[in-house]
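Structure at a glance
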Amino acid sequence: SSGINAEYGAGPYTVTVDSMAFGNPTKYWQLDPVKITDMEWDAAVLRASQEYRGRMHNLFCDNCHSHVAYALNLMGYDRKSNWNMVHIAIYLLLYSRFTGIGGFLKTYLPFLVLVAIILIVAFVF
């Protein structure tokens, strides 16, 4: 791969390249190029991006996870052709890694601050 980030989700009918809607990634799932069986990696990502430029973004049914699943299906990743957004979410939960301590903090610090505020308010006042 040439290392380009393609993201579907910055708006309807929009696939951005190297411009993430929510900032730089904090976690990633490293795919194994050996597991690609049907279509070359970059070609699959390009074709998936072209397809998703014609779709309306839907938070629950047709989102960035669906875009990734479409590309994985095109490339026959891991000899599967039934990738979907639920599979992607599960694999990200189980196999992803943080980009570093900064990625970990960006992911969980806001939640921990919110919980701390709620606990302080609940027990002090």
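A brief report on the enclosed structure follows. (Residues numbered from 1 in each chain as written. Predicted model: local features only at pLDDT ≥ 70, side-chain atom pairs only at ≥ 80, totals over all residues. Heavy atoms only, no water.)

1. Let's talk about the overall build of the chain
Here is the rule: Think of it this way: any DSSP run of H or I at least four residues long counts as a helix, any run of E at least two long counts as a strand, and we number them from the N terminus. Between the two quantities, the radius of gyration covers C-alpha atoms and the globule rule is 2.2 Å times the number of residues to the power 0.38. Here the term buried applies to any residue with accessible area under 20% of the maximum for its type, exposed to any over 50%, and partly exposed to those in between, with areas from a 1.4 Å probe on protein chains only. Contacts are assigned to residue pairs that have any heavy atoms within 4.5 Å of one another. Every accessible area reported is derived by Shrake-Rupley at a probe size of 1.4 Å, with residue values counting cover from the shown protein chains alone. The charged-residue count follows a simple rule in which Lys and Arg add positive charge and Asp and Glu add negative charge, with His and chain termini not counted at all. To locate a charge, the coordinates of NZ of Lys, CZ of Arg, CG of Asp or CD of Glu are taken.
Summing up its helical and strand segments, the chain has four helices and four strands in all. Mapped from its N terminus to its C terminus, the chain presents α and β elements in the order β-β-β-α-α-α-β-α. Taken against the 2.2 N^0.38 rule, which gives 14 Å for 125 residues, the C-alpha radius of gyration of the chain at 17 Å runs more than 25% over that of a compact globule. The dimensions of the chain, computed from C-alpha atoms along their principal axes, are 60 × 30 × 25 Å. Here the chain holds 125 residues, and 22% of them are scored as buried. Contacts in the chain between residues far apart in sequence, at least 24 positions, make up 57% of those at least 6 positions apart. Summed over all atoms, the accessible surface of the chain reaches about 8,500 Å², with 63% contributed by carbon and sulfur. The centroid of the 9 positive side-chain charges in the chain is displaced by 6 Å from the centroid of its 9 negative side-chain charges.

2. Digging into the packing of helix 1 (residues 41-52) against helix 2 (residues 64-75)
Worth spelling out the cut-off: Each axis is a line fitted through C-alpha atoms, taken for helices only over the stretch in contact, and angles between the N-to-C directions span 0 to 180 degrees. Should an angle lie under 35 degrees it is considered roughly parallel, over 145 roughly antiparallel, and from 65 to 115 roughly perpendicular; all remaining angles are considered oblique. Here a crossing is called left-handed whenever its near helix is offset anticlockwise from the far helix by less than a right angle, and right-handed whenever the offset is clockwise. Amino acids are sorted into nonpolar (Ala, Val, Leu, Ile, Met, Phe, Trp, Tyr, Cys and Pro), charged (Asp, Glu, Lys and Arg) and polar (every other residue, Gly among them).
Orientation of helix 1 relative to helix 2, taken along the N-to-C sense of each, is 135°, at an axis distance of 8 Å. As summarised for this structure, helix 1 and helix 2 are arranged oblique, according to the angle between their axes. For the pair helix 1 and helix 2, the crossing hand works out as right-handed. Of the residues in helix 2, those in contact with Trp 41, Ala 44, Val 45, Arg 47, Ala 48, Ser 49, Glu 51 and Tyr 52 of helix 1 are Ser 66, His 67, Tyr 70, Ala 71, Leu 74 and Met 75. Here the contact of helix 1 with helix 2 is composed, by residue class, of nine nonpolar, three polar and two charged.

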